[in-house]
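# Structural description and commentary
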Amino acid sequence: MLTPDQAQERAHDIVRRATAAGGDAADAVFAADASTEVSVRLGKLEDVGRSEAEELGLRVFVGQRSASVSTSDLSSQAMDALVERAVAMAREAPEDQWAGLAPNERLMHGAAPLLDLADDGAVTPAELRELASQAEEAARAVPGVTNSEGGGAGASSSVWALATSHGFAGAYATTGYSVSASVIAGEGGGMQRDYAFHSARHRQRLDAPHEIGQRAGERAVARLNPGRVASGAVPVVFDPRVGSSLLGHLTGAISGQAITRKTSFLLDAMGTEVFAPGVTICDDPHRPHGLRSRPFDGEGLPVSPCSIIENGMLETWLLDSASARQLGLAPTGHAARGVNGAPGVTTSNLFMQAGHVPVATLIEDITLGIYVTELIGQGVNPVTGDYSRGAAGFLIEHGEITRPVAEFTIAGNLRDMFRSLVPAKDLEFRHGINVPTIRVDGMTVAGG
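As a starting point, this report considers the structure included with it. Source: prediction; values computed, not measured.

## Quick notes on the overall build of the protein chain
Of regular secondary structure, the protein chain possesses 9 helices and 19 strands. Taken along the three principal axes of its C-alpha coordinates, the protein chain extends 70 × 55 × 35 Å. Out of the 448 residues belonging to the protein chain, those deemed buried represent 48%. Considering only contacts within the protein chain whose residues lie at least 6 apart along the sequence, 72% involve residues at least 24 apart. Surface accessibility of the protein chain: about 19,500 Å² in total, with carbon and sulfur atoms responsible for 48%. On the protein chain, the mean spot of the 36 positive side-chain charges and the mean spot of the 53 negative ones are 2 Å from each other.

## Here's the deal with the sheet that holds strand β6 (residues 192-200)
Pairing is antiparallel across the open sheet formed by 6 strands, whose spatial order is β3-β2-β1-β4-β5-β6. In this open sheet, the two edge strands, each paired with only one partner strand, are β3 (65-71) and β6. Across the sheet, the mean angle separating the axes of adjacent strands is 20° when strand polarity is ignored. Pairing of strand β1 (residues 25-41) with strand β2 (residues 44-62), which is carried by 17 bridges, proceeds in the antiparallel orientation. For Ala32, the partnering residue across the bridge sits in β2 and is Glu54.

## Considerations on the pattern of salt bridges
All chains considered together, the criterion is met by 19 salt bridges. Between Arg17 and Asp13 there is a salt bridge, with the nearest N and O atoms lying 3.0 Å from each other. Taken together, the positions of Arg17 and Asp13, both in helix α1 (residues 4-20) and 4 residues apart, correspond to about one turn of that helix. A relative accessible area of 22% means that Arg17 is categorised as partly exposed. Between Glu407 and Arg228 there is a salt bridge; the shortest N-O distance is 2.7 Å. Of this pair, Glu407 sits in strand β16 (residues 400-413) while Arg228 sits in the loop between α4 (209-222) and β7 (232-238), placing them 179 residues apart in sequence.

## Considerations on the nonpolar core
Ranked by internal contacts, the top residues of the largest apolar core, which has 46 residues, are Phe238, Phe275 and Ile410. At 5 residues, helix α5 (residues 240-253) tops the list of elements feeding residues into this core. Apart from the residues within four sequence positions on either side, Phe238 is in contact with Gly243, Leu246, Val372, Leu375, Tyr387, Ile410, Met417, Thr437, Ile438, Val440 and Met443. Listed in part, the 25 residues of the second largest apolar core include Ile14, Phe30, Val60 and Met79.

## Here's the deal with α1
With 17 residues, α1 extends 24 Å from end C-alpha to end C-alpha; this agrees with the ideal 24 Å at 1.5 Å per step. Taken as a whole, α1 has its buried residues at Ala7, Ala11, Ile14, Val15 and Ala18. The buried residues of α1 all sit within an arc of 105° when viewed along its axis, so they share a single face. Across from the buried face of α1, at angles greater than 90 degrees, the exposed residues are Asp5 and Ala20. The secondary structure elements touched by the buried residues of α1 are β1, β2, α2 (76-92) and β4 (145-164).

## Some points on the packing of helix α3 (residues 125-140) against α4
Contact geometry for α3 and α4: axes closest at 7 Å, N-to-C directions at 35°. As for the relative orientation of α3 and α4, their crossing is right-handed in sense. Listed contacts from α4 to Leu131, Gln134, Ala135, Ala138 and Ala139 of α3 are Pro209, His210, Gly213, Gln214, Ala216 and Gly217. Of the residues assigned to the contact of α3 with α4, the class counts are 6 nonpolar, 5 polar and no charged.

## So, the side chain of Thr316
Tracing the backbone through its elements, the reader meets Thr316 in the loop between β10 (313-314) and α7 (321-327). Since its relative accessible area comes to 16%, Thr316 is described here as buried. Residue contacts for Thr316: discarding those within four places in its chain leaves Ile254, Met270, Ser307, Ile308 and Thr332.

## Focus: the sheet that holds strand β13 (residues 350-352)
Taken together, 5 strands build an open sheet; the order of strands is β10-β9-β8-β13-β18 and the sheet is mixed. The sheet terminates laterally at β10 and β18 (433-434), the two strands that pair on one side only. When strand β8 (residues 281-283) meets β13, the two strands line up antiparallel, connected through 3 bridges. Across the sheet, the residue bridging to Cys282 is Phe351, located in β13. Of the strands in this sheet, β8, β9 (306-310), β13 and β18 touch α5, which is tilted by about 115° from β13.

## Remarks on the environment of Val60
Within the secondary structure, Val60 is located in strand β2. Along the sequence, Val60 and His286 sit 226 residues apart, while their C-alpha atoms lie 30 Å from each other.

## Notes on the pairing of β9
Inspection of the sheet shows β8 paired to β9 by 3 bridges, in the antiparallel sense. Looking at β9, one finds that Cys282 is bridged to Ser307. One ladder, built from 2 bridges, connects β9 with β10; its direction is antiparallel. Paired with Ile309 across the bridge in β10 is Leu314. Connecting the antiparallel pair β9 and β10 is a turn made up of 2 residues, with Asn311 showing a positive phi of about 55°.

About the cut-offs
- Residues numbered from 1 in each chain as written.
- Predicted model: local features only at pLDDT ≥ 70, side-chain atom pairs only at ≥ 80, totals over all residues.
- Heavy atoms only, no water.
- Helix = DSSP H or I, 4+ residues; strand = E, 2+ residues; numbered from the N terminus.
- Buried < 20%, exposed > 50% of the residue type's maximum accessible area, 1.4 Å probe, protein only.
- Contact = heavy atoms within 4.5 Å.
- Areas by Shrake-Rupley, 256 points an atom, 1.4 Å probe, with all protein chains shown as cover.
- Lys, Arg positive; Asp, Glu negative; His and termini not counted.
- Charge placed at Lys NZ, Arg CZ, Asp CG, Glu CD.
- Pairing = 2+ DSSP bridges.
- Axes fitted to C-alpha atoms, helices over the stretch in contact; angles between N-to-C directions.
- Salt bridge = Lys/Arg side-chain N within 4 Å of Asp/Glu carboxyl O.
- Core = buried A, V, L, I, M, F, W, Y, C linked by side-chain atoms within 4.5 Å.
- Expected span 1.5 Å × (residues − 1).
- Arc of directions from axis to C-beta.
- Left-handed = near helix turned anticlockwise from the far one by under 90°.
- Nonpolar A, V, L, I, M, F, W, Y, C, P; charged D, E, K, R; others polar.

Laid out in structure tokens, this is it:
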């Protein structure tokens with residue numbers, strides 16, 4: 001695999017070729033990754049996989065017309081053909097008054113922040129098999145577990161580079177490691193499945209595989225013999241594993257594309273109270289060894305920690321350069337870029353700040369409610385905010401999480417849900433999006 005410096009030069013080289021061939025402006029992305037994955041089932045090796053890929057994407061502007069092309073053939077001859085094709089396509093493309101590279105004066109200059117996103121990446125398939133085996137063995141050892149879907153472990157390394165014709169060039173490398181287990185408890189028609197996994201940039205930061213496996217087994221057994229729930233309006237408490245999805249609905253609603261197209265239920269919400277006072281949601285691209293940390297965005301702009309929601313108030317849209325121009329605003333450093341097409345937007349390490357009460361206090365006054373551990377389906381309308389999803393979890397009775405329940409639906413409207421949301425203080429940073437346990441009162445539950 002190329003080093004970041006070599007990857008950066010690859011991207012820079014094709015940009016030079018594009019402008020020399022008649023492009024008024026251009027940018028290019030080089031992405032390479034290599035990964036190894038091992039899976040075991042019932043104590044036996046099931047699969048070993050290895051993948052390696054290198055791709056280069058080029059976007060060329062001729063006036064206000066643009067075209068994007070990509071290739072995995074990185075020979076010099078292929079680069080010449082790619083440039084020729086991209087310039088020809090751009091000349092025939094429709095004009096877009098908002099398209100273009102990021103503003104020159106806003107590009108990142110100087111040294112990129114050191115985010116500790118990669119270790120030496122040295123891990124063998126035999127070591128991965130051992131990690132997967134330990135996780136599955138621990139899961140199967142939990143009383144009540146009757147079968148296994150397998151244990152898995154993986155390791156990857158990647159390099160990503162961006163170059164533009166107006167002076168930006170940067171690259172960085174990452175590594176990633178993961179361990180997982182998925183098992184089944186019970187027999188016949190009463191079987192229940194659950195899982196656990198952990199991912200980290202550095203191998204030494206992974207949870208112990210036996211801990212991951214034990215969590216998977218205990219979660220599956222806890223779901224045995226689920227009951228049904230009566231329909232009605234009750235408090236719903238979201239486990240952190242599923243509560244993070246609420247932040248996904250928020251970021252979709254405040255993305256530049258949703259705002260410019262007027263397809264967001266938060267279209268007129270800038271500067272208003274979207275969540276209850278005390279709720280703060282942050283985006284931190286500089287988190288050391290974070291799963292979504294990055295030194296610059298997909299257009300070469302600097303990135304920095306920010307509050308998207310501050311004390312309940314919506315503080316910013318998520319804007320790339322094109323949507324920022326259309327709205328008459330400045331880009332926010334949230335551009336995301338793949339090897340194909342124009343930039344979109346994304347967050348980095350997104351999280352809701354912890355609340356002030358433990359989970360036990362959060363639920364102690366709930367006479368009857370639901371603790372949700374699984375969400376099913378995609379029943380969310382991004383234009384109206386209407387929310388309806390299948391769910392499974394546990395009943396809350398008189399302030400205690402009691403028996404498992406399944407086959408029910410929770411529904412509400414995201415505007416109302418956000419305003420009534422209360423976070424507990426159990427925030428942990430384990431994923432790309434992290435939230436504490438979340439309580440939302442007044443949701444409609446429909447039993448099966």
